[in-house]
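Summary of structural features
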Amino acid sequence: MAKKVLIVTNSFDLHADLVVPLLTARDCAVFRINLDAFPRDYQICQLFTHNKMSSEIRHLPTGASIDLAEVGAVWTRKPADFAFASEDLTVQERAYAKMETEHALFGLLYPLDCYWMSHPVALRGAMWKGEQLQRAMTMGFRVPASIVTNSPERVRAFKESVQGDLVFKCLSSPMLGAEAVADEDRIATGLATTIVTDEMMESLDAVSEVACHFQEYIHKQYELRVTIIAGRIFAAKLHSQDDPRTAVDSRDMSAEILYEATELPDEIKERCLVFVQSYGLNYSALDLIVTPEGEYVFLENNPSGQFLYVEQLIPEFKMLDAVADRLSQEAACRI
C-alpha cells in the first residue's frame, strides 16, 4: 500500500490548497497540518515502549488521523503562529506553550525517514543571506558588492568605494516585522529594495541600532526567477525594466510586466542546481540579474519562496503538477 503525503503549512496557503486535489487525483492520500490551528485543532501522541516508537496526529474537527509510519513524503510550506485552546494565557504561559509545542511537533516530524520537500534543518541552513552570498561566490557566481554592518562609518566608506548607486535591502523580511505584531502595533507595513539617497545618508547613524544590508546597485537587462522543484528547472525571465515601479525591485505586482519562460545557459543551469542541492533542498527559488552586458549575477535564494504567481503568469510551467508528481511518486515508492 502506498504511503501518504504530509503537508505542513498554514490555513491561508493557496499553494497547498491547489496541490491537495492534484495529489488526490493521483490516488495519493494527504494529511495536512495547519500550524495556525495547531495544537488547538489537533491531538498528538508519540509513544516509546519496548524499544519502539509510534506516533499519531489526529485532526479533531474532522476526526481524520495519520500514523506517521504511513508518511512517505513531507511538503513543508509556510510557518504560522501556534493556536491554543485557551485564549487567556498569560504572556509567560503562552511563551512556554509555544516552546513546548515546537519541541513536541518537531520531535514527531524529525524522525521521519522519508522524502522531504524540504527538511526543516535544510530550510533553516539555507535562509541566511550573508551565507548565501559567500556560497554563491565559491560556486562561481558574481554577487553584488555588499556590506552587512551596524557601523555608520563602514557604510559611508563602502558607499565611496562603490561606483554608482547603493541600495538598502532587508535581510529577513521586507515586511519590517509587521507580520509579527498586532495591527495596532504596526508603524510600517514594509520596505522594498530602495536606492539610498543623499537624504538617507544624512540619517545613517540609525544603522548603529541594528545591522543593515547594503549592496551596489547593478543595472539590469532583465531579471530571472529560477524555481527548482526536485531537480527540474523553471526559469522565468522578468522584464522588470519595462516599468519604473519594478526597475529597482521587481516584487511590485501592481505593474503588469512580462514574465516569460526562458532557457538558461548550461553553465548557469548547473550552477543553480548545485547551489540548491548543496543545502540538501528539494525545492528552492533563486533570484538573479542579467546585466546589459549579459553577465549573470546572484541576488538571493528563497528556500520556501512562492511560485504560484509565476505559474499564473507562465501557465506552461505547471509547477503545481511538478510538486504533486514528485510527492506522489515518492510516497508511492515507499510501500
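A short tour of the structure in this document, coming up. These figures come from a predicted structure and were not determined experimentally.

**Points about unusual backbone geometry**
At the junction of F38 and P39, the peptide bond is cis and its omega measures out at 5 degrees in the coordinates. Mapped onto the secondary structure, P39 falls in the loop between β2 (30–34) and β3 (42–49). The omega torsion of the bond from M117 to S118 falls at -10 degrees, within 30 degrees of zero and hence cis. With a phi close to 60 degrees, D27 is a non-glycine residue in the positive phi region. Among the structural elements, D27 can be located in the loop between α1 (14–25) and β2. Backbone geometry places H50, a non-glycine residue, at a positive phi of 50 degrees.

**Here's the deal with the packing of aromatic side chains**
Tallied over the full model, the rule gives 10 aromatic pairs. When the centroid spacing of 5.5 Å and the interplanar angle of 45 degrees are considered together, the rings of F38 and Y42 count as tilted. Here the aromatic rings of F234 and F317 are separated by 5.5 Å at their centres, their planes lie at 65 degrees, and the arrangement is edge-to-face. In this pair, F234 is assigned in strand β13 (residues 232–238) and F317 in the loop between α8 (308–313) and α9 (319–332), connecting sequence segments 83 residues apart. Taking relative accessible area as the criterion, F234 reaches 5% and is therefore assigned buried. Note on F317: relative accessible area 9%, which makes it buried. Every member of this aromatic cluster is reached through a ring pair, and the members are F141, F275, Y279 and F298.

**Some thoughts on the pattern of salt bridges**
Applying the stated criterion across every chain, the model contains 17 salt bridges. Across the pair R32 and D17 runs a salt bridge whose closest N-O atoms are separated by 2.7 Å. Within this pair, whereas R32 is found in strand β2, its partner D17 is found in helix α1, the two being separated by 15 residues in sequence. Among the ionic pairs, R26 bridges to D321, the shortest N-O distance being 3.0 Å. Note that R26 is positioned in the loop between α1 and β2 and D321 in helix α9, a separation of 295 residues in sequence.

**Some thoughts on the sheet that holds strand β12 (residues 222–229)**
With respect to topology, 5 strands assemble into an open sheet ordered β14-β13-β12-β15-β16, the strand pairing being antiparallel. Both outer strands of the open sheet, β14 (259–261) and β16 (296–302), are each paired with one neighbouring strand and no more. With direction set aside, neighbouring strand axes in the sheet form an average angle of 25 degrees. Here β12 runs beside strand β15 (residues 283–290); their pairing, made up of 8 bridges, is antiparallel. By the bridge assignment, V226 is partnered in β15 with L286.

**A look at the sheet that holds strand β6 (residues 71–76)**
Spatially, 4 strands are ordered β2-β1-β6-β7 in an open sheet, and the strand pairing comes out parallel. The open sheet terminates on both sides in strands that have one partner only, identified here as β2 and β7 (115–117). The mean angle between the axes of side-by-side strands here comes to 15 degrees, regardless of whether they run parallel or antiparallel. Pairing of strand β1 (residues 4–9) with β2 involves 5 bridges; the strand directions are parallel. Bridging from a neighbouring strand, I7 pairs with R32 of β2.

**Digging into the side chain of Q132**
Looking at where Q132 falls in the secondary structure, it is placed in helix α4 (residues 129–138). For Q132, the residues in contact, after removing those within four places along its chain, are A126, M127, F275, Y279, F298, E300 and N301.

**Some points on the pairing of strand β8 (residues 146–149)**
Covered by surrounding structure in β8 are I147 and T149 only, the residues S146 and V148 on the alternate face being uncovered. Across 4 bridges, β8 lies against strand β11 (residues 212–216) in antiparallel orientation. Opposite I147, over in β11, you have F214 as the bridge partner.

Reading guide: rules and limits
- Residues numbered from 1 in each chain as written.
- Predicted model: local features only at pLDDT ≥ 70, side-chain atom pairs only at ≥ 80, totals over all residues.
- Heavy atoms only, no water.
- Helix = DSSP H or I, 4+ residues; strand = E, 2+ residues; numbered from the N terminus.
- Phe/Tyr/Trp six-rings, centres within 6.5 Å; stacked < 30°, edge-to-face > 60°.
- Buried < 20%, exposed > 50% of the residue type's maximum accessible area, 1.4 Å probe, protein only.
- Salt bridge = Lys/Arg side-chain N within 4 Å of Asp/Glu carboxyl O.
- Pairing = 2+ DSSP bridges.
- Axes fitted to C-alpha atoms, helices over the stretch in contact; angles between N-to-C directions.
- Contact = heavy atoms within 4.5 Å.

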